[in-house]
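# Descriptive analysis of the structure
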Amino acid sequence: MAAAPRTQRQKEIRRHLWIYGAITPYVIVAIFPIYWMALTAFKQDPDLYRMDQFPLWFHLAPTWKNFSYLFYSTNYGAWIVNTMMIAAWVAVITLLIAVPAGYALARLRIPGSENLGIAVFMTYLVPGIILFIPLARVVSMVGLQDSWWALVLVYPTITIPFCTWLLMGFFKTVPMEMEEAARVDGCGYLGALLRIVLPVSVPGILTAVIFAFTLSMQDFLYGLAFVAPGDQKPVTVGVPTELIRGDVYYWGSLMAAALMVGLPVAILYNFFLDRFIQGITGGVGK
Amino acid sequence: MTASSSRGGPEAASPRAAAVSIAVRARPRRWFSSQTSRRLAFGYLLLAPAVLYVLLLVGAPFLFSLFLALSDASVADTTASFVGLENFRAAFESDVFYIALRNSIGFTVVAAIFKGLLGTSLAFLLLQPFWGRKFIRGLVVIPFTLPISISVLGWKWMYDSQFSVINWFLSRIGVIGTYGSAGWPVWLGEPHLALLACIMVNVWRNFPFSAIVLLAGFTSVPTEILDAARVDGTSFFQRFRHVVVPMIAPILLIGFLFDTVFTLSDLGVVYLLTQGGPANATKILPVLAYQVGIQAGALGRGAAIALFLFPLLLPLMILMLRNLKRREY
């Protein structure tokens, strides 16, 4: 009699082993490059550049030298500051523009709002590679070339369409009755938006902020094309273009620089990935 | 006649007067003071900044790039004159352009096949309930969430001509010899390997995306429907082919379109790994457009090359549009 649950349990364990066995190769493929980067970042040069040893672990003591080099001898600190400033401004601009637009499209029953929403979203799909040459002219026309402010101007073209679409979906989930009740109580449309809809939409707005940040971190083309001076670059462009001098690669500090920005962004994005997928697939799945 | 008919007794006049006065009071309300028009005005006001931003920084540049492509604009010279289809003719007559076009299409197709295979199999695994699933899912999607230029740097180091960890591994299991032997692959230095190396990075970065999109599709299929099909005695593959695939087709299409648009237009991977070399083996349209338009400063030529991506992307976008419009959103 006691045998039945036991075999059940064994079956469950066998099923788990089978799944872990099958999924392990995927996990290794996915994270090995990151492990290798991390290892490289902490290795001393004599440990790194040799071929007669097992390379996947330390043979000399780990070192912080590669990290301190970045902050003392390169513009790395400036790039991080630039990136943070760009991200903050892009987030502000995106919110100021996408929140009203998303609300209007979701709630105010504008004729053709559905098509308008789709049109705004489609601009997210117009790739930078088609726009970067004319945008280079626009950027120099407004006098922002060679400064990170150029990116504050152009990144919202990526984030506004996406966040408007995202927030549109979000505002639709706020019960209409709450707003109507507020208007009966004498709020105008603006009052209802500011006092009722926005406070309950904080999670959605926060998500939009995260995307304004992570989507602008995923860019490489605009940063490469519009910002030339070494100390003005965002970190995602500065590291691959400035830390490499001629043909000499300082892999240790390169990997240190890459991981220090890459991992936090990856982890943050990771938590919001489902919302991203929901956003682009139009809410299927939840 | 009208005057006499409107005349009546004092008892009858007062309710009619009341009715008239209400009608009169309603008439002066203008269009803008009605509830609907106030709502619409407010709506357009809220929408205007977004529409303006998109028109000014996406719409206008797009039209501007059409103009640039028809002109001899360059970085050095601020005056540009109309040259008709000269830039397109020049592109068609250069060998590099054809190489780039072929590489772009080949890159996208081969990468899509691998992403499809890896993504589907991974999605099936992640669909199973098992302990630690969320954590493992979080690990496998890291390639997609890492900023692109950052991860390409890591790959560049893994493809190092001497200290490549991939070569160490291959050498260890006996596939290739030791460093310096004839078979030692220089990933980014040999034409056929370099393109493969770039494709591998794209596949590595985006297969988690395929998997997650598929997973979202699979979980959107109600289990009742699958159970009903199972009760009817269908096999796993029948259920997959006739129930699951039709149901998740729209989401599948969107994921595929997204990935294709981003792969076709991505500069980062190839630019950082090989800059299009060796001997144009990895030259793709985005890299060519960047090199001609920005590095060589021939804005017109560059814009024309970039615009060649548009006819490749347009059918995808139209498909996407139709897909989105069919959806209740």
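The structure contained in this document is the topic of the report that follows. (Residues numbered from 1 in each chain as written. Chains lettered and ligands numbered in written order. Predicted model: local features only at pLDDT ≥ 70, side-chain atom pairs only at ≥ 80, totals over all residues.)

Residue and element names in this part refer to chain B. Among the nonpolar cores identified, the biggest contains 175 residues, and C198, L273 and I305 are the most heavily contacted of them. With 16 residues, helix 10 (residues 191–220) is the single largest residue contributor to this core. Once residues within four sequence positions are removed from consideration, C198 is found in contact with F107, V269, V270, L273, T274 and T282. (Core = buried A, V, L, I, M, F, W, Y, C linked by C-beta atoms within 7 Å. Buried ≥ 20, exposed ≤ 12 C-beta atoms within 10 Å, placed from the backbone. Helix = DSSP H or I, 4+ residues; strand = E, 2+ residues; numbered from the N terminus. Contact = placed C-beta atoms within 7 Å.)

Right, let's talk about the interface of chain A and chain B for a bit. Of the residues lining the interface, 76 residues belong to chain A; the matching set on chain B comes to 80 residues. If you list the elements that add at least two residues to the side of chain A that touches chain B, you get helix 1 (3–42), helix 4 (76–107), helix 5 (113–123), helix 6 (128–141), helix 8 (156–172), helix 12 (221–226), helix 13 (235–242) and helix 14 (251–281) of chain A. The residue inventory of the side of chain A that touches chain B, partitioned by class, reads 62 nonpolar, 12 polar and 2 charged. (Nonpolar A, V, L, I, M, F, W, Y, C, P; charged D, E, K, R; others polar.)

This part covers the packing of helix 10 of chain B against helix 12 (residues 236–264) of chain B. Residue and element names in this part refer to chain B. Packing of helix 10 against helix 12 leaves a shortest axis separation of 9 Å and a crossing angle of 155°. In terms of orientation, helix 10 lies roughly antiparallel with respect to helix 12. As for how helix 10 packs across helix 12, the hand of that crossing is right-handed. Contacts between helix 10 and helix 12 involve N202, N206, F209, S210, V213, A216, G217, F218 and S220 from the former and V244, I248, I251, L252, G255, D259 and T263 from the latter. (Axes fitted to C-alpha atoms, helices over the stretch in contact; angles between N-to-C directions. Parallel < 35°, antiparallel > 145°, perpendicular 65-115°, else oblique. Left-handed = near helix turned anticlockwise from the far one by under 90°.)

Glycine aside, a negative phi is what most residues show, and trans is what most peptide bonds show. Residue and element names in this part refer to chain B. Here G277 and P278 are connected by a cis peptide whose omega angle stands at -15°. Structurally, P278 can be placed in the loop between helix 13 (268–273) and helix 14 (285–295). Phi angles above zero are rare outside glycine, and Q275 is one such case at about 55°. Position of Q275 relative to the elements: it lies in the loop between helix 13 and helix 14. You will see that N280, though not glycine, has its phi angle at about 65°, which is positive. The topology assignment puts N280 in the loop between helix 13 and helix 14.

Any functional reading would require information that these geometric values do not contain.
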